[in-house]
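Each chain, written out:
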Amino acid sequence: MEKMLELYQFEECPYCKVVRTKLTDLGISYIIHNVSREQEERTDLEKISEQKFVPVLVDPNTDMMISDDDEKAVKYLEETYGAE
Ligand SMILES: N[C@@H](CCC(=O)N[C@@H](CS)C(=O)NCC(=O)O)C(=O)O
């Protein structure tokens, strides 16, 4: 893993917590982008992912972006980094 993974999230979001926990369990250091709790204010997130829901997981190593789907993000992390 050459580049750090990035997670757009806010702390109380239960779906974000699932992804944070999986990243931690896999020992992956990552960059957190804390978005506003107000959906209307998530303009940066909308530019990047073309939608306003979190979590959004970005893996620049594989050009993968997973938006608004914690189960898919967890599956991706297990399949991509689970063996490390
Ligand atoms: N199905 C999505 C649900 C994600 C979701 O509902 N995220 C909430 C925050 S917990 C969200 O962004 N809601 C829009 C908002 O905050 O207004 C997932 O599996 O991750």
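A brief report on the enclosed structure follows. Sequence order as written defines the numbering, with residues in each chain counted from 1. Where local features are concerned, this predicted model is filtered to residues with pLDDT of at least 70; where side-chain atom pairs are given and counted, the filter is 80 or more; whole-chain, interface and lining totals use all residues.

## Digging into the overall build of the chain
Short version of the rule: Working definition: helices are DSSP H or I runs of at least four residues, strands are E runs of at least two. Numbering for both runs from the N terminus. Taken over C-alpha atoms, the radius of gyration is set against a globule rule of 2.2 Å times the number of residues to the power 0.38. Here contacts are defined at the residue level, using C-beta atoms placed from the backbone and a cut-off of 7 Å between them.
The number of helices and strands found in the chain is three helices and four strands. Along the chain, from the amino end to the carboxyl end, the secondary structure elements read β-α-β-α-β-β-α. On C-alpha atoms alone, the chain measures out to a radius of gyration of 12 Å, which is about the 12 Å that the 2.2 N^0.38 rule sets for 84 residues. By its C-alpha atoms, the chain is 40 × 25 × 20 Å across when sized along the principal axes. If you take every contact in the chain between residues at least 6 apart in sequence, the share linking residues at least 24 apart comes to 60%.

## Here we look at the packing of helix 1 (residues 14-25) against helix 3 (residues 70-81)
Worth spelling out the cut-off: Axis lines are fitted to C-alpha atoms, over the contacting stretch for helices. Their N-to-C directions set the angle, which ranges from 0 to 180 degrees. Any angle that is under 35 degrees is reported as roughly parallel, and any over 145 degrees as roughly antiparallel; angles of 65 to 115 degrees are reported as roughly perpendicular and all others as oblique. In this classification, Asp, Glu, Lys and Arg are treated as charged, Ala, Val, Leu, Ile, Met, Phe, Trp, Tyr, Cys and Pro as nonpolar, and every other residue, Gly included, as polar.
Two numbers describe how helix 1 lies on helix 3: the axes approach to 9 Å, and their chain directions differ by 5 degrees. Judged on the interaxial angle alone, helix 3 and helix 1 are roughly parallel. Facing helix 1, whose interface residues are Tyr15, Val18, Val19, Lys22 and Leu23, helix 3 presents Asp70, Ala73, Val74 and Leu77. Counted by class, the contact of helix 1 with helix 3 contains seven nonpolar, no polar and two charged residues.

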